[in-house]
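# Analysis of the macromolecular model
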Amino acid sequence: MPVRERLPPWHERQRLPNGREVLIRPIRPEDAEPLRASFPLLQPEEVRQRFLHSMKALSEDMLERLTRVNPKTEFALVAAEPLPPGEALVGAVARVTMDPGEEQGEFAILVSHYVAGQGLGRYLMTRLVKWARGKKLKRLYGDVLEHNQPMLALAESLGFVRESMQDGLVRVVLELAPEQDSGTATAVDRGAIG
Ligand SMILES: CC(C)(COP(=O)(O)OP(=O)(O)OC[C@H]1O[C@@H](n2cnc3c(N)ncnc32)[C@H](O)[C@@H]1OP(=O)(O)O)[C@@H](O)C(=O)NCCC(=O)NCCS
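Here we summarise the structure given alongside this text.

Conventions used here
- Residues numbered from 1 in each chain as written.
- Predicted model: local features only at pLDDT ≥ 70, side-chain atom pairs only at ≥ 80, totals over all residues.
- Heavy atoms only, no water.
- Near = heavy atom within 4 Å.
- Polar contact = N/O pair within 3.5 Å; in protein donor to acceptor, adjacent residues only side chain to side chain.
- Areas by Shrake-Rupley, 256 points an atom, 1.4 Å probe, with all protein chains shown as cover.
- Helix = DSSP H or I, 4+ residues; strand = E, 2+ residues; numbered from the N terminus.
- Nonpolar A, V, L, I, M, F, W, Y, C, P; charged D, E, K, R; others polar.
- Core = buried A, V, L, I, M, F, W, Y, C linked by side-chain atoms within 4.5 Å.
- Buried < 20%, exposed > 50% of the residue type's maximum accessible area, 1.4 Å probe, protein only.
- Phe/Tyr/Trp six-rings, centres within 6.5 Å; stacked < 30°, edge-to-face > 60°.
- Lys NZ or Arg CZ within 6 Å of the ring centre and 35° of its normal.
- Pairing = 2+ DSSP bridges.
- Axes fitted to C-alpha atoms, helices over the stretch in contact; angles between N-to-C directions.

The next subject is the site of the ligand. As a matter of local geometry, the ligand sits amid 19 residues, with Val111, Gly117, Gly119, Gly121 and Asn148 nearest to it. The separation between a nitrogen atom of the ligand and a polar main-chain atom of Ile109 is 2.8 Å. Within the backbone of Gly121, a nitrogen or oxygen atom sits 2.8 Å from an oxygen atom of the ligand. When the free accessible area of the ligand is taken as 920 Å², the share hidden by the protein chains comes to 70%. Those elements that place two or more of their residues in the shell around the ligand are helix H2 (44-51), strand E5 (104-111), helix H4 (120-134) and helix H5 (149-157). Classifying every residue of the shell around the ligand by side-chain character gives 10 nonpolar, 6 polar and 3 charged.

Written out as structure tokens, the structure reads:
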């Protein structure tokens, strides 16, 4: 009988359609250095779409905040090379931060162009939804630039609806209350990329 690899919670090995293997796992403080080193390789537009403004580099403060999550109020997954944290290049990061009232959470995601278009964005979003449901959040939302068609299409296909639009930003919202369950539950359980 084949021996199944035992991985800690929220850890999964996935093979992307292009054959590249990634380890999806919670972000670790050791990821700060690879994130700092690879940030200049991102396209300016990717950075703007994720952070909603232009940035040339990640400051120490920001790296610290992004990689040291408070497990009570935050959740962040990376898709990284299957190497020890600190050595592994990180191709994607997706996170939820709970609002102070702890009733809703804000998501943010960046799948770098090196691994984009292979189902990672969709898969990571379903993981964020699963975490948010586990925390009994009522809604998950994100602010997306109005011309960011890929993210708007992805959010819509997962059941998010456009709530408001201001200053070139669209807020997309997924209601998580059980009676308003959407197609997301199926996507969440799908468990495979592609
Ligand atoms: C938006 C983003 C997360 C998509 O990640 P991805 O891994 O490339 O997406 P996937 O391969 O999982 O595709 C999921 C869906 O996204 C949409 N999508 C992805 N690339 C697209 C493109 N070039 N044009 C239009 N839609 C696209 C599609 O709806 C796609 O669904 P499909 O597979 O059924 O066609 C990624 O492009 C990204 O990180 N962009 C920069 C940062 C950002 O925009 N963050 C969002 C604000 S926080």
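Don't stop here, the text continues.
Take the nonpolar core next. The biggest cluster of nonpolar side chains holds 35 residues, and the ones touching the most others in it are Phe107, Met125 and Phe160. Contributions of two or more residues to this core are made by strand E2 (21-26), strand E3 (74-80), strand E4 (90-98), E5, H4, strand E6 (139-145), H5 and strand E8 (169-175). With 8 residues, the top contributor of residues to this core is H4. With 19 residues, the next largest nonpolar core counts Ala32, Leu35, Met55 and Leu110 among its residues.

The next thing to look at is the packing of aromatic side chains. The full count for this structure, using the stated rule, is 4 aromatic pairs. Geometrically, the ring pair formed by Phe107 and Phe160 is edge-to-face, given 5.4 Å between the ring centres and 70 degrees between the ring planes. Of this pair, Phe107 sits in strand E5 while Phe160 sits in the loop between H5 and strand E7 (161-166), placing them 53 residues apart in sequence. Here Phe107 matches Phe160 in class, with each residue buried. Grouped by ring-pair contacts, the aromatic residues Trp10, Phe75 and Trp131 constitute a single cluster. Above the plane of the ring of Phe51 lies Arg50, whose end atom (NZ or CZ) is 4.2 Å from the centre.

Attention now goes to the sheet that holds E4. Within a sheet, each strand pairs with its neighbour through backbone hydrogen bonds, oriented either parallel or antiparallel. Taken together, the 8 strands give an open sheet; going across it, the order is E1-E2-E3-E4-E5-E6-E8-E7, and neighbouring strands pair in mixed fashion. Only two strands of the sheet have a single partner each, and these edge strands are strand E1 (12-15) and E7. Each adjacent strand pair in this sheet contributes to an overall mean axis angle of 20 degrees, direction not counted. Bridge analysis of E3 against E4 gives 7 bridges, and the strand direction is antiparallel. Across the sheet, residue Ala80 finds its bridge partner in E4, namely Val90.

Take it as geometry only, folks, not as evidence of what the structure does.
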